[in-house]
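# Observations on the model geometry
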Amino acid sequence: MPTSTRPRRGQALAAGGRTLLRLALLALGNTLVVELFNHKAFTDGPGSFWTFLTGAPLAFAVDVLLVLASLIPGLFLRRRVFWYTLISTVWLAAGAVNGFILLNRMTPFTMADITVLNSGLDTLPNYLSKGAIVLLALGVAALAAGLVLLFWRGPRCPQPWGARWRPALASLVLCAAVLGGTWALAFRTDQLSTVFSNLAYAYEDYGFPYCFFQTWLNRGIRRPFNYGRTVMTNLGDKIEAARAEAPAEPLSDANVIFIQLESFIDPEEIRGLELSRDAVPNWHALKETSSSGVLTVPVVGAGTANTECEVLTGMSTRLFGPGEYPYETCLQDQTVESIAYLLQKQGCATHAIHNHTATFYNRDRVYPHLGFDDFIPLEYMPAAGTTPQNWAKDAVLEGQIRKALDATPDQPDFVFTVTVQDHGKYPDEPVLTDPAVTVTACPEEDRRWATEYYVNQLYETDAFIGRLVEDLEQREEKTVLVLYGDHQPALGLESGDMAGDSLFYTEYILWSNFGLEQRQEDLTSYQLSAYVLHCLGITDGILGAFHQFFREEPGYLSNLRRIQYDTLYGRRYLTGGQAPYAPTEMEMGVEPITVTDLYRSGEVWCIAGENFSPYCRVYADGEELETVYLSSALLCLKQDPGELRPADLEIRVVDQDGTRLSPEE
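Computed from a prediction, not measured in an experiment: that's the story for all the values here. (Residues numbered from 1 in each chain as written. Predicted model: local features only at pLDDT ≥ 70, side-chain atom pairs only at ≥ 80, totals over all residues. Heavy atoms only, no water.)

### Quick word on the packing of helix H12 (residues 229-245) against helix H21 (residues 556-568)
- Where H12 meets H21, the axes come as close as 11 Å, and the angle between the chain directions of the two elements is 110°. By the angle between their axes, H12 is roughly perpendicular relative to H21. Mapping the contact onto sequence places Val 231, Met 232, Leu 235 and Ile 239 in H12 and Asn 559, Arg 562, Ile 563 and Asp 566 in H21.
- Considering only residue class, the contact of H12 with H21 consists of five nonpolar, one polar and two charged. (Axes fitted to C-alpha atoms, helices over the stretch in contact; angles between N-to-C directions. Helix = DSSP H or I, 4+ residues; strand = E, 2+ residues; numbered from the N terminus. Parallel < 35°, antiparallel > 145°, perpendicular 65-115°, else oblique. Contact = heavy atoms within 4.5 Å. Nonpolar A, V, L, I, M, F, W, Y, C, P; charged D, E, K, R; others polar.)

Laid out in structure tokens, this is it:
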């Protein structure tokens with residue numbers, strides 16, 4: 001008599017059910033730990049976490065199911081324990097990284113951070129001590145070794161493939177069905193959304209797994225409603241008609257200088273903060289005599305590149321995927337309209353300057369697609385002083401801006417400068433021995449030292465602004481200077497702490513040395529460049545003219561989305577199906593690095609020249625000679641160059657990662 005298979009199948013189903021239940025509990029545990037990090041429960045207490053758990057249980061269930069879905073593929077494998085350990089490690093590590101990031105900035109961990117991983121690792125010494133970095137590296141190495149050992153020697157499922165794939169597939173289908181139903185119900189009850197007006201709040205409201213997946217899968221700009229040739233042609237005709245009705249005589253002989261000030265706000269905007277002296281006296285003096293206003297920016301605490309992108313291009317980065325940096329995606333391989341291109345048409349030379357590394361946010365790759373003729377990053381500057389947190393001080397920029405203006409005496413200049421001195425992390429203990437500004441009253445006592453450090457960096461940046469304005473006042477060239485903060489500092493501030501009741505407000509100032517009309521107007525960062533061009537009588541460009549003439553019109557934001565989509569992802573109806581701009585052949589540095597002499601001085605050999613930096617390395621016949629930087633005009637060799645002549649030497653600029661930035665000789 002044949003043996004019945006029902007008991008065996010029943011046992012298999014029961015075993016599969018128990019395995020799935022264990023995986024569900026593992027997913028629940030992983031998600032709980034990840035969310036404790038996400039809501040800063042280990043430092044700020046469990047209040048925010050408990051509010052999320054009780055206020056949005058369906059959102060939390062979706063997070064658990066997403067983690068479970070990543071664990072279930074292990075059921076198909078023989079090395080199940082290894083897979084469960086690996087995936088759990090990834091989730092817990094991502095949660096811990098997110099928690100660390102939230103302690104140091106106000107923007108959570110996103111997929112975009114992985115795309116700028118090298119830049120993030122470069123800045124790690126600004127946040128951790130050398131000892132902590134060594135311990136972290138040892139921990140990562142030990143974890144990797146443990147995973148390798150587990151893969152090699154760990155337990156393996158004894159079941160053959162035929163016995164594994166059916167229950168595994170059934171578990172995957174069941175998980176997908178429950179996830180889909182819970183997902184739909186969470187959206188119907190407003191516990192989930194795809195609209196992230198504030199990324200930090202979205203992570204708190206919807207949980208880390210869901211939001212992180214959104215920053216990975218939700219990229220670019222979705223095709224707008226009613227996008228097509230007729231709609232875009234009509235929009236283009238309206239822009240041209242508006243431009244024709246507002247003729248202006250462009251002021252094309254003026255230098256235009258934009259300075260994006262890292263984490264710069266007026267400390268008086270922080271409620272309850274009292275200082276021993278005015279931390280930004282030059283800012284206040286300029287504000288009294290110049291055009292100014294509130295500037296609404298897309299980020300808070302971090303995300304410099306997105307404010308920069310908005311200012312340069314006139315595009316709203318909030319129309320892209322949540323947490324997306326266009327510098328890391330679409331702008332790496334295509335050009336777009338920018339203020340640099342528009343001022344090039346007016347005869348300007350275009351320069352970019354940043355006292356941080358060239359590769360940060362891939363600026364060295366993106367700037368040619370934004371119309372810059374040259375770029376002066378930190379690697380092309382003389383040795384800069386640094387803050388206690390190891391950021392370059394902004395004083396070094398004064399000479400670099402002057403150098404850019406002097407490089408093209410026969411034409412006006414557009415100089416776009418990004419500062420870095422005021423960058424976080426701000427220390428929680430006193431690190432300044434004799435601060436120029438002290439905090440006499442702080443709304444949160446545990447932020448006293450961080451705030452005092454921050455306002456002293458502001459004080460030095462403000463002094464740089466004052467010296468720059470004095471220099472520009474003495475130049476015999478018409479000059480417009482635009483100053484603005486890129487975002488509020490990562491000081492743990494909340495909207496109620498700010499005088500404007502918003503974390504997305506900074507300010508801008510528009511100053512000139514030839515008496516431009518003084519105005520007071522509030523703007524968004526993607527409107528700023530168009531506003532400045534309007535003040536100069538320049539109405540060129542599609543987005544430039546659109547912002548100038550239509551920002552008060554109905555459908556403004558809908559049409560802005562259409563223009564951005566058409567430019568980057570659509571048929572380019574507005575530009576005849578073609579990209580209207582070609583990438584520039586951008587040079588690194590504004591002046592060539594030259595060698596004029598090679599001589600012996602005592603026991604050392606010296607190389608004399610011009611425009612040296614601490615990142616210069618000397619090569620002869622392809623071999624690197626050990627080099628010591630002494631000044632912008634002098635390098636020292638630690639070895640005898642033999643019979644080499646100055647013409648035999650090659651100077652290369654190499655960043656701290658070993659990337660060669662230029663081939664100057």
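### Topic: a nonpolar patch on the surface
- On the surface, a cluster of nonpolar side chains totalling about 460 Å² of accessible area is made up of Trp 161, Trp 165, Leu 169, Leu 172 and Val 173.
- Within the fold, Leu 172 resides in helix H9 (residues 161-188).
- In this structure Leu 172 comes out as partly exposed when scored by relative accessible area, which is 32%. (Patch = residues over 30% accessible without salt bridge, like charges linked within 9 Å, V, L, I, M, F, W, Y side chains within 5 Å. Areas by Shrake-Rupley, 256 points an atom, 1.4 Å probe, with all protein chains shown as cover. Salt bridge = Lys/Arg side-chain N within 4 Å of Asp/Glu carboxyl O. Buried < 20%, exposed > 50% of the residue type's maximum accessible area, 1.4 Å probe, protein only.)

### Looking at the nonpolar core
- Among the nonpolar cores identified, the biggest contains 136 residues, and Phe 258, Tyr 367 and Phe 414 are the most heavily contacted of them.
- In terms of residue count, the dominant contributor to this core is helix H18 (residues 448-474) (ten residues).
- In this structure Tyr 367 touches Glu 308, Leu 312, Tyr 327, Ala 352, Phe 372, Phe 375, Phe 416, Val 418, Thr 584 and Met 586, once residues within four positions along its chain are discounted. (Core = buried A, V, L, I, M, F, W, Y, C linked by side-chain atoms within 4.5 Å.)

### Some thoughts on the side chain of Gln 548
- Tracing the backbone through its elements, the reader meets Gln 548 in helix H20 (residues 542-550).
- Here Ile 538 takes part through its backbone oxygen, which lies 3.0 Å from a polar atom of the side chain of Gln 548.
- Once residues within four sequence positions are removed from consideration, Gln 548 is found in contact with Ala 530, Leu 533, His 534, Ile 538 and Thr 539. (Polar contact = N/O pair within 3.5 Å; in protein donor to acceptor, adjacent residues only side chain to side chain.)

### Points about the sheet that holds strand E19 (residues 660-662)
- Here we have four strands laid out as an open sheet, ordered E15-E14-E18-E19, and antiparallel in their pairing. Looking at the sheet topology across the chains shown, the edges are occupied by strand E15 (623-625) and E19. Ignoring strand direction, the axes of neighbouring strands in this sheet form an average angle of 50°. (Pairing = 2+ DSSP bridges.)

### Thoughts on the sheet that holds strand E8 (residues 479-485)
- Read from one edge to the other, the open sheet built from nine strands follows the order E10-E3-E9-E8-E1-E6-E4-E5-E11, with strand pairing classed as mixed. With partners counted over all chains shown, the strands left at the sheet margins are strand E10 (523-524) and strand E11 (587-588), one partner each.
- Sheet topology note: the strand E4 (residues 349-354)/strand E6 (residues 413-418) ladder contains six bridges and is parallel. Paired with Thr 350 across the bridge in E6 is Phe 414.
- Along the sheet face, helix H14 (residues 304-313) touches strand E1 (255-261), E6 and E8 and points at about 160° away from the line of E6.
- The strands that helix H17 (residues 396-407) touches are E1, E4, strand E5 (374-376) and E6; relative to E6, the one it contacts most, it runs at about 160°.

### Side note on the pattern of salt bridges
- In the structure shown here, the tally under the stated rule is 22 salt bridges.
- Asp 44 is paired through a salt bridge with Lys 40; the nearest N and O atoms lie 4.0 Å apart.
- By relative accessible area, which is 55% here, Asp 44 ends up exposed.
- On the basis of relative accessibility, which here comes to 27%, the residue Lys 40 falls in the partly exposed class.
- For Lys 478, the salt bridge goes to Asp 253, with nearest N and O atoms at 3.8 Å. Within this pair, whereas Lys 478 is found in the loop between H18 and E8, its partner Asp 253 is found in the loop between H12 and E1, the two being separated by 225 residues in sequence.
- Overall, the relative accessible area of 34% leaves Lys 478 in the partly exposed class.
- Under the relative-accessibility criterion, Asp 253 is labelled partly exposed at 45%.
- Residues joined by salt bridges that share partners form a network here, namely Glu 398, Arg 402, Arg 467 and Asp 471.

### Overview of the packing of H17 against H18
- It is the contact of H17 with H18, at a shortest axis distance of 10 Å, that shows an interaxial angle of 25°. Relative to H18, the element H17 lies roughly parallel. Of the two possible hands of crossing, H17 and H18 adopt the one that is right-handed. Every residue of H18 that contacts H17 at Leu 397, Glu 398, Ile 401, Arg 402 and Leu 405 is listed here: Phe 464, Arg 467, Leu 468, Asp 471 and Leu 472.
- Class assignment for the residues of the contact of H17 with H18 results in six nonpolar, no polar and four charged. (Left-handed = near helix turned anticlockwise from the far one by under 90°.)

### Some remarks on the packing of aromatic side chains
- On inspection of all chains with the given rule, the structure shows 30 aromatic pairs.
- Considering the side-chain rings of Phe 258 and Phe 414, the 5.8 Å spacing of their centres and the 75° angle between planes classify their relative orientation as edge-to-face. You can see Phe 258 sitting in strand E1 and its partner Phe 414 sitting in strand E6, a full 156 residues away along the chain.
- Note on Phe 258: relative accessible area 0%, which makes it buried. (Phe/Tyr/Trp six-rings, centres within 6.5 Å; stacked < 30°, edge-to-face > 60°.)

### So, the state of the cysteines
- The final tally for this structure, using the stated rule, is zero disulfides.
- With no disulfide of its own, Cys 211 lies 19 Å from the sulfur of Cys 175, the closest cysteine sulfur.
- On the basis of relative accessible area, Cys 211 is assigned to the buried category, the value being 0%.
- In this model Cys 535 remains outside any disulfide bridge; the closest cysteine sulfur is found in Cys 348, 15 Å from its own.
- Judged by its relative accessible area of 18%, Cys 535 is buried. (Disulfide = S-S within 2.5 Å.)

### Overview of the pairing of strand E18 (residues 649-654)
- Of all the six residues making up E18, six are buried; the element is thus mostly covered by neighbouring parts of the structure.
- On E18, burial covers both faces: Leu 649, Ile 651 and Val 653 on one face and Glu 650, Arg 652 and Val 654 on the other are all buried.
- Taken together, the five bridges between strand E14 (residues 616-620) and E18 define a ladder with antiparallel strand orientation. Within E18, the position partnered with Ala 620 by the bridge is Leu 649.
- Of the strand pairs in this sheet, E18 and E19 are connected by two bridges, and their pairing is antiparallel. Among the inter-strand pairings, Val 653 is bridged to a residue of E19, identified as Ser 662.
- Here E18 folds back onto E19, and the loop between the two strands holds five residues, one of which, Gly 658, carries a positive phi near 90°.

### Let's talk about the pairing of strand E9 (residues 505-512)
- For E9, a buried count of seven out of eight residues is recorded, marking the element as mostly surrounded by other parts of the structure.
- Judged from the six bridges that link them, strand E3 (residues 291-296) and E9 form a sheet pairing that is antiparallel. For Ser 291, the partnering residue across the bridge sits in E9 and is Leu 510.
- Judged from the five bridges that link them, E8 and E9 form a sheet pairing that is antiparallel. Residue pairing in the sheet places Val 482 in a bridge with Leu 510 of E9.

Shape descriptors only; they carry no functional weight alone.
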